[in-house]
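# Summary of structural features
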Amino acid sequence: MIIDLLLSGDGIGALIGQYDKQLLLAVNGSDSLYLDRVVRTLTNALTWVPFYISLLWLVIRTSETMRRVLYVLLGAAICVTLAGMVDDLIVKPTVARWRPTHDPEIGMLVDIVDGYRGGRYGFFSAHAANTFSIAVFFCWLVRSRVLSVAAVIWSLINCWTRLYLGVHFPGDILVGLLWGGLVGSFAYYVYYRLTRNMVVSKTRLFSSHYTATGFDKKNVNTPLCVLTFTIVFALIKATII
């Protein structure tokens, strides 16, 4: 109950806690059933499987050896393990801060969508940590400005859905983003240390058709298209169901 004790006391901690709750209530939910359906689709991890596959395809298409592909997979595994599993298995039960939907003070004020409340504890957001760690890892890995912007937007969309559904406070999201950024950077550091002596074709490194780390810019378009189509799919699905 560390966070609850801090935020329930007097002074700046309690003030931050109240602002956190007020901000959540300001952005939580809407009167639109259509938007409810869009958010429920976008917050589902299975929705983004094609995007993950497209990132893997990008790595396979660009990597000159399977060894490099395996190191990328190792980096992604580090992201998922440190960002998500550490949060769910250690941080949430240890800190034990209520999700907004279970919070005794504002739980009845939170707009619930389709009866979804999540687990009891929400500090910090695993959605924010997981998606942002992957986004940051691929920002470092690919070094494509357009893909970096798209990956960060993808992560922020996931963060927004958690606020909309009322299953995380803004503070949960912020800490999740900070932790995810650290984990993603650490995962890339591990990848870099393992691959720093691996030779990359000079043609790739000095050609305008490739990114600074040797990724074909044409192949970078594939994850961008998949990301766009996934969002469009969520919008269309909400009109049908």
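We now turn to the structure provided with this report. Model, not experiment: these values are computed from the prediction.

### Details of the overall build of the protein chain
Scanning the protein chain from N- to C-terminus turns up ten helices and zero strands. Helices and strands appear in the protein chain in the N-to-C order α-α-α-α-α-α-α-α-α-α. Reported as C-alpha extents along the three principal axes, the dimensions of the protein chain are approximately 60 × 45 × 25 Å. For the protein chain, the residues scored as buried account for 48% of the 241 residues in total. Here the contacts in the protein chain between residues at least 6 apart in sequence split such that 79% fall between residues at least 24 apart. Total accessible area computed for the protein chain in this model is approximately 12500 Å², and 68% of it derives from carbon and sulfur atoms. For the protein chain, the distance from the average position of its 21 positive side-chain charges to the average position of its 14 negative side-chain charges is 17 Å.

### Examining the packing of aromatic side chains
Applying the stated criterion across every chain yields a total of eleven aromatic pairs. Through a chain of ring-to-ring contacts, the aromatic side chains of Phe137, Phe138, Trp140, Tyr188, Tyr191 and Tyr192 assemble into a single cluster. One residue, Arg40, lies across the ring of Tyr116, its end atom 4.7 Å from the ring centre.

### Topic: helix α7 (residues 145-164)
Helix length check: α7, at 20 residues, gives a terminal C-alpha distance of 28 Å against a target of 28 Å (1.5 Å per residue), a fit within 8%. Two residues or fewer past α7, Gly166 is found with a positive phi of approximately 75°.

### Description of the pattern of salt bridges
Applying the stated criterion across every chain yields a total of seven salt bridges. One salt bridge connects Asp20 with Arg97, and the closest N-O pair in it is separated by 3.0 Å. One end of the pair, Asp20, is in helix α2 (residues 12-27); the other, Arg97, is in the loop between α5 (66-95) and α6 (126-142), and 77 residues separate them in sequence. With its nearest N and O atoms 3.7 Å apart, the salt bridge here joins Lys21 to Asp103. Note that Lys21 is positioned in helix α2 and Asp103 in the loop between α5 and α6, a separation of 82 residues in sequence.

### Topic: the nonpolar core
In this structure, Phe137, Phe138, Leu141 and Val142 are the most contacted members of the largest nonpolar core, which totals 32 residues. Of all the secondary structure elements, the ones that give two or more residues to this core are α3 (33-42), α4 (49-62), α5, α6, α7, α8 (170-195) and α10 (217-240). The element contributing the most residues to this core is α10, with six residues. If sequence neighbours within four positions are ignored, Val142 has contacts with Leu58, Leu147, Thr211, Thr213, Phe215 and Val220. In this structure, Ala128, Val136, Phe169 and Ile173 belong to the second largest nonpolar core, which totals eleven residues.

Analysis parameters
Every chain is numbered independently, its residues counted from 1 as its sequence is written. Restriction of local features to residues with pLDDT of at least 70 applies here, the model being predicted, together with a cutoff of 80 or more for giving and counting side-chain atom pairs; totals for whole chains, interfaces and linings are based on all residues. Derived side-chain values reflect all non-hydrogen atoms in the structure, with water molecules and hydrogen atoms excluded from consideration. Put simply, DSSP H or I for four residues or longer makes a helix, DSSP E for two residues or longer makes a strand, and each gets a number counted from the N terminus. Burial classes follow relative accessibility: with a 1.4 Å probe on protein chains only, a residue under 20% of its type's maximum area counts as buried, one over 50% as exposed, and anything between as partly exposed. By definition, residues are in contact when any of their heavy atoms lie within 4.5 Å. To be clear on the numbers: accessible area is Shrake-Rupley with a 1.4 Å probe, and residue cover counts the displayed protein chains and nothing else. This count recognises Lys and Arg as positive and Asp and Glu as negative, with His and chain-terminal groups excluded. For the purpose of locating charges, the reference atoms are NZ of Lys, CZ of Arg, CG of Asp and CD of Glu. Two aromatic rings from Phe, Tyr or Trp, using only the six-membered ring of Trp, form a pair when their centres are within 6.5 Å; if the ring planes differ by under 30 degrees the pair is stacked, by over 60 it is edge-to-face, and anything between is tilted. Charge-over-ring placement is defined geometrically: NZ (Lys) or CZ (Arg) within 6 Å of the ring centre, and within 35 degrees of the ring normal. One fewer than the residue count of a helix, multiplied by 1.5 Å, yields its expected span. By convention in these notes, a salt bridge is any Lys or Arg side-chain nitrogen within 4 Å of a carboxyl oxygen on Asp or Glu. In plain words, nonpolar cores are sets of buried Ala, Val, Leu, Ile, Met, Phe, Trp, Tyr and Cys residues tied together by side-chain atoms within 4.5 Å.

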